[in-house]
Amino acid sequence: MQRCGNLFEPLQLPCGLTLKNRIAKSAMSDSLGDGTGHPTAEQIRLYQRWAAGGLAVSIIGEVQLTAGYAENPGNLVLNDASDLDRFRRLARHGGANDTKLWLQLGHAGALAYAPTSNPKGPSALDLPGLRCVEMTLDEMRQLPSEFARTAWLAQQAGFGGVQIHAAHGFLLGQFLSPLFNKRSDEYGGPIANRMRPLLEAIEATRAAVGPDFPIAVKLNSSDQLEGGFDKEDALKVVAALDRSSVDLIDISGGTYFPGAKSASDGTGRGPYFLEFAKRARAVTTKPLMLTGGFKTRAQAEDAVASGAVDIVGLARALVLEPSLPDLWKADRKLEPFFPRFSDPPEGGVTAWYTMRLTEIGADKETPVFGDLGQATRDYEARNKSRTIIWLRHFANDVVGQT
Ligand SMILES: Cc1cc2nc3c(=O)[nH]c(=O)nc-3n(C[C@H](O)[C@H](O)[C@H](O)COP(=O)(O)O)c2cc1C
């Protein structure tokens, strides 16, 4: 594979698929599902606008395998109970303009949204704001087939690929972390065991979708928590992924564990995890994507030109400017204007960006930046109303069943 590339050069993945350039929209939970796990018109419009803006890959955040462990009641849920035609519309519009529209396959585990779930994780936890019970061995054995089924349905519905979510403290990331995972069976203890659920999910997914369908993995370079998943463990996971059938490793960092640092709230100078990507490059020949902190075209170009990174993942920059790839290509607007929030409440910045996505999907974003307190209130009010719909619709699924 070609290294030291140019941002606007195509890239071929191991499965044979060619991406038109090196810019991807990193997974963002847009919270625009209708409360029954299906896409809304605003959500379809949002992905249509991103596709029109010139991205090579667009990844839909946290699409749930089941209704039992969603991260938010605005998540999509894709399984045998879903209306596939409604997903087909999203796949068609969000995959226009030769943009590959992928679903990020999610299970929130201990971080499942408590009003619609009885959270389950690798081990039981009883901490302020974080309670869960331990997953049984039977549930562990069933998990890979849930990833495989949702991936297969994504393929049937016309999506271009999937990303298995093992980052930011959700279920597979919890298994990787010694802070969450205290198990003494084959899924706990040394990192070789803690990465087993991820490797089993990949294997089952590949068996379900065949050799030509892209499978990516999102992985933390570290959780940035003392005693948690660290860089040395992460390099061992990258080495194992190198031997697996994945097509792309998306490197990021940080978690949504209460009180912890998340990359989507990061304010420092990016890209945040480039040094780790350079170390990862030494242990894998798989294409690497790097997500976190990219603000300018120069940063993106330098990362790709360095040879350490094949694809640049953008989240907040594409909320601020959905057409950024085309603008960059045309030498216009090389850096979107990033708002600064002084002393934001926990989760406030993510809520603000999420509500901005709603505006884009409704074609009514205003040039001025709204207020963070109002965005948080709007976000919480919508979650409340979606929770009522979710509980009614998934009456049999939300009590913690897989
Ligand atoms: C509104 C919002 C929602 C997000 N949801 C997800 C998600 O569902 N899955 C995920 O892997 N990362 C999620 N992230 C994290 C981003 O993918 C990305 O890793 C992080 O924002 C850092 O990239 P950036 O500096 O380009 O924003 C989210 C970020 C934001 C701002």
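Residues numbered from 1 in each chain as written. Predicted model: local features only at pLDDT ≥ 70, side-chain atom pairs only at ≥ 80, totals over all residues. Heavy atoms only, no water.

The name given to the protein in an unreviewed UniProt entry is Oxidoreductase, with Sinorhizobium glycinis as the source organism.

Next up on the list: the overall build of the protein. Helix and strand content of the protein: 13 helices and 13 strands. In summary, the protein has a C-alpha radius of gyration of 19 Å against a globular reference of 21 Å for 402 residues, a match within 12%. When contacts within the protein are restricted to residue pairs at least 6 apart in sequence, long-range pairs at least 24 apart make up 71% of them. Total accessible area computed for the protein in this model is approximately 15300 Å², and 51% of it derives from carbon and sulfur atoms. (Helix = DSSP H or I, 4+ residues; strand = E, 2+ residues; numbered from the N terminus. Rg over C-alpha atoms; globule rule 2.2 N^0.38 Å. Contact = heavy atoms within 4.5 Å. Areas by Shrake-Rupley, 256 points an atom, 1.4 Å probe, with all protein chains shown as cover.)

If you look at soluble globular proteins, the nonpolar side chains tend to sit buried side by side. By size, the foremost hydrophobic cluster in this structure holds 90 residues, and its most contacted members are Phe159 and Ile164. If we skip the residues at most four places from it in the chain, Ile164 touches Leu105, Phe147, Leu172, Leu198, Ala201, Ile202, Thr205, Ile215, Ala216, Val217 and Lys218. Formed by 14 residues, the second largest nonpolar core is a distinct cluster that contains Cys15, Val57, Ile59 and Trp102. (Core = buried A, V, L, I, M, F, W, Y, C linked by side-chain atoms within 4.5 Å. Buried < 20%, exposed > 50% of the residue type's maximum accessible area, 1.4 Å probe, protein only.)

Another point: the site of the ligand. Taken together, 23 residues lie near the ligand, and Ser26, Ala27, Ser29, Gly293 and Arg316 sit nearest. Take Ser26: an N or O atom from its side chain is 2.6 Å from an oxygen atom of the ligand. Here an oxygen atom of the ligand sits 2.7 Å away from a polar atom, N or O, in the main chain of Gly293. Contact with the protein chains hides 98% of the accessible area of the ligand, taken as 600 Å² for the molecule alone. When contributions to the shell around the ligand are tallied by element, the ones reaching two or more residues are β3 (23-28), β4 (57-64) and α12 (348-361). The residue makeup of the shell around the ligand, split by class, is seven nonpolar, 13 polar and three charged. (Near = heavy atom within 4 Å. Polar contact = N/O pair within 3.5 Å; in protein donor to acceptor, adjacent residues only side chain to side chain. Nonpolar A, V, L, I, M, F, W, Y, C, P; charged D, E, K, R; others polar.)

Our focus in this paragraph is empty space enclosed by the protein. Tallied over the full model, the rule gives one cavity of 30 Å³ or more. Volume-wise, the largest cavity comes out at about 30 Å³. If you go around the largest cavity, the residues you meet are Ser29, Asp30, Ser31, Gln43, Ile60, Gly61, Gly74, Asn75 and Leu76. Taken together, the residues of the lining of the largest cavity break down into two nonpolar, six polar and one charged. (1 Å grid on protein atoms, 1.4 Å probe; cavity = no way out; pocket = protein on both sides within 12 Å on 5 of 7 lines; lining within 4 Å. Points joined across faces, edges and corners; volume = space filled by probe spheres on them.)

What follows deals with the packing of aromatic side chains. Here the structure, examined in full by the defined rule, presents six aromatic pairs. Ring centres of Phe170 and Tyr256 lie 5.9 Å apart, and the angle between their planes is 40°; on these two criteria the pair is classed as tilted. In this pair, Phe170 is assigned in the loop between β9 (161-166) and α4 (171-176) and Tyr256 in the loop between β11 (248-252) and α8 (274-281), connecting sequence segments 86 residues apart. With a centroid separation of 4.7 Å and an interplanar angle of 55°, the aromatic rings of Trp390 and Phe394 are classed as tilted. Accessibility expressed as a relative area gives 0% for Trp390, which makes it buried. On the basis of relative accessible area, Phe394 is assigned to the buried category, the value being 8%. Against the face of Trp50 rests Lys25, its NZ or CZ located 4.6 Å from the ring centre. In this arrangement the basic side chain of Lys295 is found over the ring face of Phe338, its NZ or CZ atom lying 4.9 Å from the centre. (Phe/Tyr/Trp six-rings, centres within 6.5 Å; stacked < 30°, edge-to-face > 60°. Lys NZ or Arg CZ within 6 Å of the ring centre and 35° of its normal.)

With that out of the way, let us pick up unusual backbone geometry. Cis rather than trans, the peptide bond between Gly270 and Pro271 has omega equal to -10°. A positive phi angle, close to 60°, is found at Ser31, a residue other than glycine. For Ser31, a relative accessible area of 2% translates into the label buried.

Packing of helix α1 (residues 41-52) against helix α2 (residues 84-94) brings their axes to within 8 Å, and their N-to-C directions diverge by 20°. With respect to α2, the element α1 is oriented roughly parallel. Between α1 and α2 lies a crossing whose hand is right-handed. Residues Gln43, Ile44, Tyr47, Gln48 and Ala51 of α1 form the contact with α2, whose participating residues are Arg89, Leu90, His93 and Gly94. In terms of residue class, the contact of α1 with α2 is made up of four nonpolar, four polar and one charged. (Axes fitted to C-alpha atoms, helices over the stretch in contact; angles between N-to-C directions. Parallel < 35°, antiparallel > 145°, perpendicular 65-115°, else oblique. Left-handed = near helix turned anticlockwise from the far one by under 90°.)

Right, let's get into the sheet that holds strand β6 (residues 120-121). Spatially, three strands are ordered β6-β8-β7 in an open sheet, and the strand pairing comes out mixed. Each of the sheet's edge strands pairs with one partner strand only, and the pair in question is β6 and β7 (125-127). Here β6 pairs with strand β8 (residues 130-134) via two bridges, running parallel. From the neighbouring strand, Lys120 faces β8, where its bridge partner is Val133. (Pairing = 2+ DSSP bridges.)

A separate point is the pattern of salt bridges. Scanning all chains against the criterion turns up 19 salt bridges. Across the pair Arg86 and Asp34 runs a salt bridge whose closest N-O atoms are separated by 3.0 Å. With Arg86 in helix α2 and Asp34 in the loop between β3 and α1, the pair connects residues that are 52 residues apart, well separated along the chain. By relative accessible area, Arg86 is classed as partly exposed at 33%. Classification of Asp34 by relative accessible area gives buried; the value is 18%. Through salt bridges with shared partners, one network takes in Arg45, Arg49 and Asp363. (Salt bridge = Lys/Arg side-chain N within 4 Å of Asp/Glu carboxyl O.)

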